[in-house]
Structures are given as structure tokens and as C-alpha cells.
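# Inside the fold
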Amino acid sequence: MLELRLVQGSLLKKVLESIKDLVNDANFDCSATGFSLQAMDSSHVALVALLLRSEGFEHYRCDRNISMGMNLGNMSKMLKCAGNDDIITIKADDGSDTVTFMFESPTQDKIADFEMKLMDIDSEHLGIPEAEYHAIVRMPSAEFARICKDLSSIGDTVVISVTKEGVKFSTRGDIGTANIVCRQNTTVDKPEDATVIEMHEPVTLTFALRYMNSFTKATPLSNTVTISLSSDLPVVVEYKIAEMGYVRFYLAPKIEEDEEDKS
Amino acid sequence: MLELRLVQGSLLKKVLESIKDLVNDANFDCSATGFSLQAMDSSHVALVALLLRSEGFEHYRCDRNISMGMNLGNMSKMLKCAGNDDIITIKADDGSDTVTFMFESPTQDKIADFEMKLMDIDSEHLGIPEAEYHAIVRMPSAEFARICKDLSSIGDTVVISVTKEGVKFSTRGDIGTANIVCRQNTTVDKPEDATVIEMHEPVTLTFALRYMNSFTKATPLSNTVTISLSSDLPVVVEYKIAEMGYVRFYLAPKIEEDEEDKS
Amino acid sequence: MLELRLVQGSLLKKVLESIKDLVNDANFDCSATGFSLQAMDSSHVALVALLLRSEGFEHYRCDRNISMGMNLGNMSKMLKCAGNDDIITIKADDGSDTVTFMFESPTQDKIADFEMKLMDIDSEHLGIPEAEYHAIVRMPSAEFARICKDLSSIGDTVVISVTKEGVKFSTRGDIGTANIVCRQNTTVDKPEDATVIEMHEPVTLTFALRYMNSFTKATPLSNTVTISLSSDLPVVVEYKIAEMGYVRFYLAPKIEEDEEDKS
């Protein structure tokens, strides 16, 4: 039997909004340690990894490991029916082919049960090796989202270059070119406003803006985003979920564009 | 001669917004007692009844009973041109084939006259008998609107079941099922937040969500909605208009679905 | 070399938004006195004149007169990438076929350069003679915008009539007629709320609402609008830009409709 009670139900709503446009169907894996998901996007270019640790739930009961295949669009439709202050409980009986989402209003005057059919989804769990990155940029998530959106009005790809001084986002399109430089800045009033660069060697990589913009749908989950770059690895765009885990997006750089940019 | 001056003009704007999608053309009936309307929706399934009592107007002159046929879409276009703080006056000369809406800004610096052609509309006035209802639910109107909207994302019909403990709204669709229970709750800080159930016998009825959602366009008119149910009568969904009257919507239950639900 | 630094960058964003739907391509003329533009709309009916005086810039360097042809849609795309609090600098090297817009965030932590190709645009600079107007109306810009929008829901043209008492905006369409009168009113708390009429002789003129609505896109630039009318001249709709200049729109009256209205 599975019963996961999350007092801050809006977190789960935000998680679904952040990944539902990228992934249609996916298995949610429940174990004693947490509620997680790993899935490729529908065009098999980007990878999403979600973790909500069991400690973050008010009540967490998972008798045995279970993998529940869900259509994320339908799951999102149901979670949208939860109020932002509602407590959300995910429930599944052993061997059942359905999952139930229960929404309790803060006053307990309104209780909703939404039951959804589970799906059989073939999926291979990819091992994501721990890696050393050439450069790690931590910056305000809203700033990163704004930059990706702005550059999309000019071009299709973004070149991200990290030096000690800062991180540069560039694009080029029919109407012209754009370069946006964010300087390292740690002397800010609020720590979440800082732009912090941890760099072992300079790195310049090119990515499709379409995916970057899709990743920024996770912005409501966290005030900051961490971008980890290495020339021979997919970029990791990570949004931490306070005291619970993270949503991470992986995307391979575009090789050709990268070369072009270096030339 | 007709001259009806309504200081809180935004009320009339809200009334029109609440019924214009349901009814295309209708007769507004003016008499010494008030300004009223009764009309079937364009597919002849739901009935709307509006009453604005003469006492609610600052000035109310209606020399003789008159029925004015109006296109509600056009009337709504004109009323949208009134500011939310404007005083609205409805004027018609005897025998005239037009009606004039006058909008005065609170400072009297801006005065607008909108004149609209009247229409000849055949309509039979249905007598709506006073009835005893099995159950009457009073609840926050925004809550009811949210429930109808949420259930529409899952199914097409709503089953409303009233017991002493509360009222349950259920639906079922391709992606799953949903049940939302609102418990009776009278110990709230603000009286308009209460959910009050007056029940003579339990009742379970099924309705098309499309119409329920249309009725909830009247939500801005009142903080509370009253739903009156009997197994052999159309449901009445009523929004009171403070100190003036009401908008009431009548809708016959769906027979088949109701049976199915009981089985 | 050209280098114009505007601390209140949002002004330039608003200027572009106010004219980009009316004019596709235009020459921006830079001289020692200021940054200006004069252009006909794409259907050659309305004329736009913009002036930003050099004194309004924090830094203004323009070594020699230069005319820069720009696509206003593309320029607007780039300026939309500037934050509302950003400082905007317009830069162009002598003989260059590009212009650069630089955006600096208030904290200087984010610096963006957007480079756009210039275009060759044939344009004749029309001399606009100083004129005496029969009537000049100054009123709140939001009020004027609201009136043009409201009347558009009824008809296609607006008849503007000025008398000593006030200004009347009228229209007529399939669903009826509308008249909106704004009375002269100078005894207001805030000077920008005043409606002031300076009249030498009464005037009644008819204009296409489509253009008037387009002009009101400049509303964010100023709290007041000035409408200058003469029976034998195009109307001038002017939005002042605080301490810098103006955006002026010129539109010829519709002759036929005017006659019809007088009859």
C-alpha cells in the first residue's frame, strides 16, 4: 500500500507543470527513500529527473517498491483541481491499476478524490553517473528564464560561455545578434539574488533554446537555478525543491553550432 | 415613459454578463414593481429568471407595463462602455422602438447616451410554481464555480448528492473519476463562507456541466449561491442581488445518467 | 559616431510600442538637437512624428547628422528584451550598417548588446507648418483611449464636436448610436485629470476609429493627451514625453461622413 501525504500540495502542482509539456507518459517510482521519476522527452533529446525525498512528506508509507505509469497531461488536469493551499495525498492499493489523488482544503471542509487509471509504460532507467563539471553557474531562476525567453525572440540556439568574470548567453538570427552577460555577483542583499560562478576551466556550449525555455517552466519551484556545464557532457539545469529534492533537466549540446561558434 | 436610475450601475453590467451567453434575445418586462426577464436558453433546456425590484433603483418611473425586446449581446456591448462606478439610467419614451442607456461618471464630467433598437420577440411567460425542495444547499458562489470548472476537466455531467453531512459533486470521464465533498459548515468567520444544508430527504441528481458552468457566470453578483434540489423538479441555482432581487437558473436533471448513477 | 544614453530606458520601449503597429519601416534621424522620426503609416493615411530632445539623454553624442532606417517590428522585439528599469544606449559607428542597443540593469550585473541591421528606406521629410487650430482639447489620455475603444464596439467612425462646454464623441453602427460628452473641468485634485478646452470657434470633424485606437497605444507615455482640431487641417493627437519631446499623430478628417453628420 502507498500513501504519501504532502502538506504543501502546491509543490506537486508546480512539479507537474514543470515537466508535463516535455514528457507525455512516465513511470513514477516509489520506494522507501522517496518519490521519483526519470524520463526522456517525447523527441528523446532531453532527460528529466525528479526526486521528492520521503522526509519531505508529512506522512510517507510505501510498503514495497512500486512503479506507476501515468499520463502527465491527465495527472496535471487532476492536480489543477487542487487548491494552492490544499494538502495532497497520493494513494494506491497493492496491485491496483489506479492511483488516487486526495485534496484536502486547509479547513477540512472540502475533500476531493480524483482517481486515475495507471498505464503500462516501457522505460529503461538510465544510470546518470556523478560527474565533474567544468563550470557551475548558480543564478536567479527568473533571470535565467527571462534570458532564454528574450533570446528566443532573436534566434533558435543559445551559446553559453562561462569565464571567471561571468556567464554570457548569445544568439543570432535573421534580424540580428544578441549577447547578454551576467557578471558574478555575490554581494547582494538576498542570497537568492546572487550569481555565483564556480569554474575549473572556461567552457562554451550551444543549446536549442526550445528546450531551455521548456526547462524554465520549473521556475516557480525555486528562486535559483544551477547550470552545470562540461564540454563533453549534457548540461544539467537544476531546480532545487526546498527540503525535498529537485527537478533536473539534461540536454546534450549541439555539436555543429558549437564548432561554428569557436571558429 | 420609462426611466430607471440605478446608482450601482455595475450591477446591471454583471447581470448582463451572467445571462448573455445563455440567452440571445429576450424581453425585459417593466412594471411598477420592477424590471424583470424570463427566458429559455437558445437550446430550450435551461430557463433564466431575473428580477430587479423597483425599490433598488434610486429613481423608478414606469408609467405603464412595457415589454422591451433586446438582443442581449448588443445590450452587453453597450453596457461594457459604462464605467464600473457609473450611474446607469434606462430610458424609453412611450411607443418608441428604441431604448437609451445613459451612463454618468461619478463626477458628472462624462455623460454617455447609448441608444439601441428594440426587437419584437415572441415569448410565452412560463408560470414557475412555488415548490417544496428536498434539499437546499447554500454555499460560497466562488466555491461552486470552482467545483463546476474543475469537474469539467474530467467529465461532462455532474452528479449532485445531498446528505445531512454535506453535498457531493461527482463526475466520470475518460481519464478517471472525481468526487468533491463539501461538508456542512456554519461556524465560519464570515457568514458568506458558510456551507449550509437544509434537507428534508436525501437527493441525488445528474446535470450537464456545460449549463452549470454557464450559470456560474453570475458569480460576481453574489458571494453565495443557493442550489435547490428535488428529484422531480428542475434544479434552481440562485444568485441573490443585494437588496434588489435575483438571477435564477432552472435546469432539468438528466434522467438516464441519474439512473445509471443509482445502479 | 553615435552614442545616446537614456537612463529611463522604458521610455524608448513605450515609444516603440506606440508606433510599431502603425509604421513598419522608418528612418530615425539623429542630429545635435535630438533623435526624431517622421513617417506615414503603411496605408499612407496617418503621419507619426516623434521627437526626443538631446537634453533628455544622460549622454548624447552625435558627431554628424545621420539617418538610420529600421524595421520597427524588429526594433521592438529587441527593446522588449530590455528590463523596465534598464538604461538603454543606442550606438552606431560611422559608416556602419548596424545599430546596437545596449541594456544595462540598474545594478550593472547584467549587460546586453543587441545588434540590428539597418535598412535603406526612401522617405521624404514633410514640412509640417505651424498652424492655428480652431479648438484644442487637453484631457486624461486614459479617458480618451477608453472612449475610442468603447465607440469602436458600436461604429467605425467617430464624430468629434467641440463647444465651449465640452467635447462630444459620437458614433453610429448597426446596433445603435452612442454619444459621449466630456465636460470642461479644471477644478480637479490632480492637474492631469483636468479636461481643458481652448476654443476659437466650434468644430465638428469625423475620423476613422481604427486610427484613433492605434494612436492611443501611446497612452502609457503620458497622463494627458492633446487633440488639436481645425476644419481644414488634419487633427493632431499629441502625447508629450516628459522633459524630452513628444509623439504626435496626424490624421485627415473624413469629408463625407462629416457632411452627413452636419445634415
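Since we're looking at a predicted model, the values are computed, not measured.

It is worth spelling out the relation of the copies chain A and chain C at this point. Placing chain A over chain C gives an RMSD of 0.0 Å and needs a rotation angle of 120 degrees, together with 0.0 Å of translation along the axis. On this basis, the relationship between the two copies can be described by a three-fold rotation axis. Among all residues of chain A, the one whose C-alpha sits closest to the rotation axis is Pro220 of chain A, at a distance of 17 Å.

Moving on, we get to the UniProt feature "domain: Proliferating cell nuclear antigen PCNA N-terminal" (unreviewed entry) in chain A. Under the local residue numbering, the UniProt record ascribes the feature "domain: Proliferating cell nuclear antigen PCNA N-terminal" (unreviewed entry) to residues 1-125 of chain A. Across residues 1-125 of chain A, the secondary structure splits into 14% helix and 46% strand, with the terminal C-alpha atoms separated by 23 Å.

Mapped onto the present numbering, the UniProt feature "domain: Proliferating cell nuclear antigen PCNA C-terminal" (unreviewed entry) falls at residues 127-254 of chain A. As a span, residues 127-254 of chain A carries 15% helix and 45% strand, and end to end its C-alpha atoms are 22 Å apart.

Residue and element names in this part refer to chain B. The strand order across the open sheet built from nine strands is S6-S2-S3-S4-S18-S17-S16-S10-S14, with neighbouring strands paired in antiparallel fashion. Looking at strand neighbours, the two that pair on one side only are strand S6 (66-71) and strand S14 (196-199), the edges of this open sheet. The average undirected angle you get between the axes of adjacent strands in this sheet is 15 degrees. Strand direction decides the pairing type here: strand S4 (residues 46-53) and strand S18 (residues 245-251), joined by seven bridges, are antiparallel. The residue bridging Leu50 from the neighbouring strand is Val247, located in S18. Sheet strands in contact with helix H2 (residues 72-79) are strand S2 (25-30) and S6, and its direction is about 85 degrees off that of S6. The sheet strands contacting helix H3 (residues 141-152) are strand S10 (135-140), strand S16 (224-229) and strand S17 (235-241), and the helix crosses S10 at an angle near 100 degrees.

Each disulfide consists of one covalent bond between the sulfur atoms belonging to two cysteines. Applying the stated rule across the entire model yields zero disulfides over all chains. Unpaired in terms of disulfides, Cys182 of chain B finds its nearest cysteine sulfur in Cys148 of chain B, a separation of 10 Å. The thiol of Cys30 of chain C is unpaired, and the distance to the nearest cysteine sulfur, on Cys62 of chain C, comes to 5.3 Å. With relative accessibility at 2%, the residue Cys30 of chain C sits in the buried group.

What follows concerns the sheet that holds strand S9 (residues 110-117) of chain B. A sheet is described by the order of its strands in space; here nine strands give the open sequence S5(B)-S1(B)-S7(B)-S8(B)-S9(B)-S13(C)-S12(C)-S11(C)-S15(C), paired in antiparallel fashion. Looking along the sheet, the strands with just one partner apiece sit at the ends: strand S5 (59-62) of chain B together with strand S15 (203-208) of chain C. Neighbour-to-neighbour, the strand axes of this sheet turn through a mean angle of 15 degrees, independent of strand direction. Here seven bridges tie S9 of chain B to strand S13 (residues 176-183) of chain C, and the two strands are oriented antiparallel to one another. Opposite Asp113 of chain B, over in S13 of chain C, you have Asn179 of chain C as the bridge partner. Running over the sheet, helix H3 (residues 141-152) of chain C touches S9 of chain B together with strand S11 (157-162), strand S12 (166-173) and S13 of chain C and is turned about 20 degrees from S12 of chain C.

Now for the domain arrangement of chain A. Residue and element names in this part refer to chain A. The assigned domain composition of chain A is domain 1 (2-117) and domain 2 (135-262). The distance between the C-alpha centroids of domain 1 and domain 2 comes to 28 Å. Across the interface of domain 1 and domain 2, roughly 1,700 Å² is buried in total on both sides, 65% from carbon and sulfur atoms. Counting the contacts that link domain 1 with domain 2 gives one salt bridge. When the shortest N-O distance is used, the salt bridge between Asp21 and Lys217 registers 3.0 Å. For the pair domain 1 and domain 2, the number of links is seven residue pairs in polar contact (both at pLDDT 80 or more). Secondary structure elements with two or more residues in the side of domain 1 that touches domain 2: helix H1 (10-19) and strand S4 (46-53). It is S4 that contributes the most residues to the side of domain 1 that touches domain 2, eight residues altogether. Classifying every residue of the side of domain 1 that touches domain 2 by side-chain character gives 14 nonpolar, three polar and five charged.

Quick look at the pattern of salt bridges now. The full count for this structure, using the stated rule, is 36 salt bridges over all chains. For Arg5 of chain A, the salt bridge identified is with Glu58 of chain A, shortest N-O distance 2.4 Å. Taken together, the positions of Arg5 of chain A in strand S1 (residues 2-6) and Glu58 of chain A in the loop between S4 and strand S5 (59-62) put the pair 53 residues apart, joining distant regions of the chain. With a closest N to O distance of 2.6 Å, Glu104 of chain B and Arg5 of chain B form a salt bridge. In this pair, Glu104 of chain B is assigned in strand S8 (residues 98-104) and Arg5 of chain B in strand S1 (residues 2-6), connecting sequence segments 99 residues apart. You can call Glu104 of chain B buried: its relative accessible area is 6%. Connected through shared salt-bridge partners, Glu17, Lys20, Asp21, Lys80 and Lys217 of chain A make up one network.

Another point: the nonpolar core. What tends to happen in soluble globular proteins is that the nonpolar side chains get buried as a cluster. Counting residues in hydrophobic clusters, the biggest one holds 240 residues, and the most contacted among them are Met212 of chain A, Phe35 and Met212 of chain B together with Met212 of chain C. For Phe35 of chain B, the contacting residues outside a window of four places in its chain are Leu4, Leu12, Phe28, Asp29, Cys30, Leu50, Leu51, Leu52, Phe57, Tyr60, Met68 and Ile90 of chain B.

Residues and elements named next belong to chain C. Following the sequence through the fold, Phe114 ends up in strand S9 (residues 110-117). A relative accessible area of 0% places Phe114 in the buried class. Taking the C-alpha atoms as reference, Phe114 lies 9.8 Å from Ile90; in sequence the two are 24 residues apart.

Next up on the list: the interface of chain A and chain B. Chain A puts 17 residues into the contact, and the matching count from chain B is 16 residues. The junction of chain A with chain B conceals about 1,400 Å² of combined surface from both sides, 48% of it contributed by carbon and sulfur atoms. Between Lys110 of chain A and Glu143 of chain B there is a salt bridge, and its shortest N-O distance comes to 2.9 Å. Secondary-structure elements contributing two or more residues to the side of chain A that touches chain B are helix H2 (72-79) and strand S9 (110-117) of chain A. Ranked by the residues each element gives to the side of chain A that touches chain B, the list is headed by S9 of chain A, at eight residues. Of the residues belonging to the side of chain A that touches chain B, the class tally is seven nonpolar, three polar and seven charged.

Quick look at the interface of chain A and chain C now. With 16 residues of chain A at the interface, the matching set in chain C holds 17 residues. Of the roughly 1,400 Å² buried between chain A and chain C, counting both surfaces, carbon and sulfur atoms make up 48%. Here chain A is connected to chain C by one salt bridge. Where chain A touches chain C, the interface holds 10 residue pairs in polar contact (both at pLDDT 80 or more). For the side of chain A that touches chain C, the secondary structure elements donating two or more residues are helix H3 (141-152) and strand S13 (176-183) of chain A. Per-element accounting of the side of chain A that touches chain C gives the leading share, eight residues, to S13 of chain A.

All told, the structure shown has 18 aromatic pairs over all chains when counted by the stated rule. Between Phe215 of chain A and Phe249 of chain A the ring centres are 4.7 Å apart and the planes differ by 10 degrees, which places this aromatic pair in the stacked class. Within this pair, whereas Phe215 of chain A is found in helix H4 (residues 209-215), its partner Phe249 of chain A is found in strand S18 (residues 245-251), the two being separated by 34 residues in sequence. Joined through ring pairs, the aromatic side chains of Phe215, Tyr239 and Phe249 of chain A make up one cluster. The ring of Tyr211 of chain B has Arg210 of chain B lying over it, and the distance from NZ or CZ to the ring centre is 4.8 Å. A cation over a ring is seen here: Arg248 of chain C above Tyr246 of chain C, with NZ or CZ 3.6 Å from the ring centre.

The subject of this paragraph is the pairing of S9 of chain A. Strand direction decides the pairing type here: strand S8 (residues 98-104) of chain A and S9 of chain A, joined by seven bridges, are antiparallel. Paired with Phe103 of chain A across the strands is Ala112 of chain A, a residue of S9 of chain A.

Interpreting fine coordinate detail is not advised for predicted regions of low pLDDT. Residue and element names in this part refer to chain A. A residue-level look at chain A finds 97% of positions with pLDDT of 70 or above and a mean pLDDT of 93. The model gives residues 257-263 a pLDDT under 50, and that stretch makes seven contacts with residues more than four places away or in other chains. For this predicted complex, the interface confidence comes out at an ipTM of 0.91, alongside a pTM of 0.93.

The rules behind the values
Residues numbered from 1 in each chain as written. Chains lettered and ligands numbered in written order. Predicted model: local features only at pLDDT ≥ 70, side-chain atom pairs only at ≥ 80, totals over all residues. Heavy atoms only, no water. Least-squares fit on C-alpha atoms with pLDDT ≥ 70 in both. UniProt positions renumbered as here; feature names shortened; annotations may be inferred. Helix = DSSP H or I, 4+ residues; strand = E, 2+ residues; numbered from the N terminus. Pairing = 2+ DSSP bridges. Axes fitted to C-alpha atoms, helices over the stretch in contact; angles between N-to-C directions. Contact = heavy atoms within 4.5 Å. Disulfide = S-S within 2.5 Å. Buried < 20%, exposed > 50% of the residue type's maximum accessible area, 1.4 Å probe, protein only. Domains from an automatic or database assignment. Buried area = accessible area lost by both parts, 1.4 Å probe. Salt bridge = Lys/Arg side-chain N within 4 Å of Asp/Glu carboxyl O. Polar contact = N/O pair within 3.5 Å; in protein donor to acceptor, adjacent residues only side chain to side chain. Nonpolar A, V, L, I, M, F, W, Y, C, P; charged D, E, K, R; others polar. Core = buried A, V, L, I, M, F, W, Y, C linked by side-chain atoms within 4.5 Å. Phe/Tyr/Trp six-rings, centres within 6.5 Å; stacked < 30°, edge-to-face > 60°. Lys NZ or Arg CZ within 6 Å of the ring centre and 35° of its normal. pLDDT = per-residue confidence, 0-100.

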